[in-house]
Amino acid sequence: MAALKVLAVAVSSGRVGYVFLDSGRLRDWAVTTTVSRKGGDLVAFVQGLINTLKPDVVVTEKCDGECRKGTRTKQLIAAIAELASHNYVRDVAVARPRHFQSKYEEATSAVARHPDLIGYLPRRKRRFYEFEPRNMIVFEALALAEAVIFGPPEQLSTAKG
């Protein structure tokens, strides 16, 4: 495993989650709904994270044909990638890894590796007519970060520059 400081930001409709891993260890994470309303607010929020956490790499979701995000969300992700380039921080866009049948199985697996996230784990799987729990975005950000750290060597070499 590389000794990288990785900031992964996941954007979804109405919420943003991030995780910060230092040498593969989870150091900081949060979910916010207020900064997802305006692009300027999100950029300022991520700029604050970059200034405070000083990551080597900023990871976002790759918005290609397989991406399930809406137009507005894709614009916000692009703004984060552009911000990283202005800060001389390597931006790596990775496809959203889907190694589990559901996000709930993915979250349970993530909590086994990072017990500090136990409070973000939903109590039960949602029913089809219910909204997704707001905290699930943290697990999406963690999956993006781990895709760079533990993924194929070419993603890691892209992250290292």
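Residues numbered from 1 in each chain as written. Predicted model: local features only at pLDDT ≥ 70, side-chain atom pairs only at ≥ 80, totals over all residues. Heavy atoms only, no water.

### A closer look at the pattern of salt bridges
For the record, the criterion: Should a side-chain nitrogen of Lys or Arg be within 4 Å of a carboxyl oxygen of Asp or Glu, the pair is scored as a salt bridge. For helices the rule is a DSSP run of H or I covering at least 4 residues; for strands it is a run of E covering at least 2, with both sets numbered from the N terminus onward. Relative accessibility thresholds used throughout: buried, under 20% of the residue-type maximum; exposed, over 50%; partly exposed, between the two (1.4 Å probe, protein chains only).
Counting across every chain of the model gives four salt bridges. Put simply, Glu 106 and Arg 96 hold a salt bridge, and the shortest N to O gap is 2.8 Å. Pair noted here: Glu 106 is in helix α3 (residues 103–113) and Arg 96 is in the loop between β5 (90–94) and α3, with a separation of 10 residues, a long-range link. By relative accessible area, which is 10% here, Arg 96 ends up buried. Each member of the salt-bridge network shares a partner with another, and the members are Glu 61, Lys 69 and Glu 140.

### Some remarks on the packing of α3 against helix α4 (residues 136–149)
Using the following cut-off: Axis geometry follows a simple rule: fit a line to the C-alpha atoms, using only the stretch in contact for helices, then measure angles between N-to-C directions, giving values from 0 to 180 degrees. Convention used here: angles under 35 degrees read as roughly parallel, angles over 145 as roughly antiparallel, angles from 65 to 115 as roughly perpendicular, and any remaining angle as oblique. Here is the rule for handedness: rotate from the far helix to the near one, and if that takes an anticlockwise turn smaller than a right angle the crossing is left-handed, while a clockwise turn gives right-handed. The criterion used for residue contact is that any of the two residues' heavy atoms lie within 4.5 Å. Lys, Arg, Asp and Glu make up the charged group, whereas Ala, Val, Leu, Ile, Met, Phe, Trp, Tyr, Cys and Pro make up the nonpolar group; the residues left over, Gly among them, are polar.
Between α3 and α4, the least distance of the axes is 10 Å, while the angle of their chain directions is 70 degrees. Taken together, the axes of α3 and α4 are roughly perpendicular relative to one another. Considering the relative orientation of α3 and α4, their crossing is left-handed. Side by side, α3 and α4 meet where Lys 103, Tyr 104, Glu 106, Ala 107, Ala 110, Val 111 and Arg 113 of the first sit next to Met 136, Phe 139, Glu 140, Leu 142, Ala 143 and Glu 146 of the second. For the contact of α3 with α4, the class distribution of residues is eight nonpolar, no polar and five charged.

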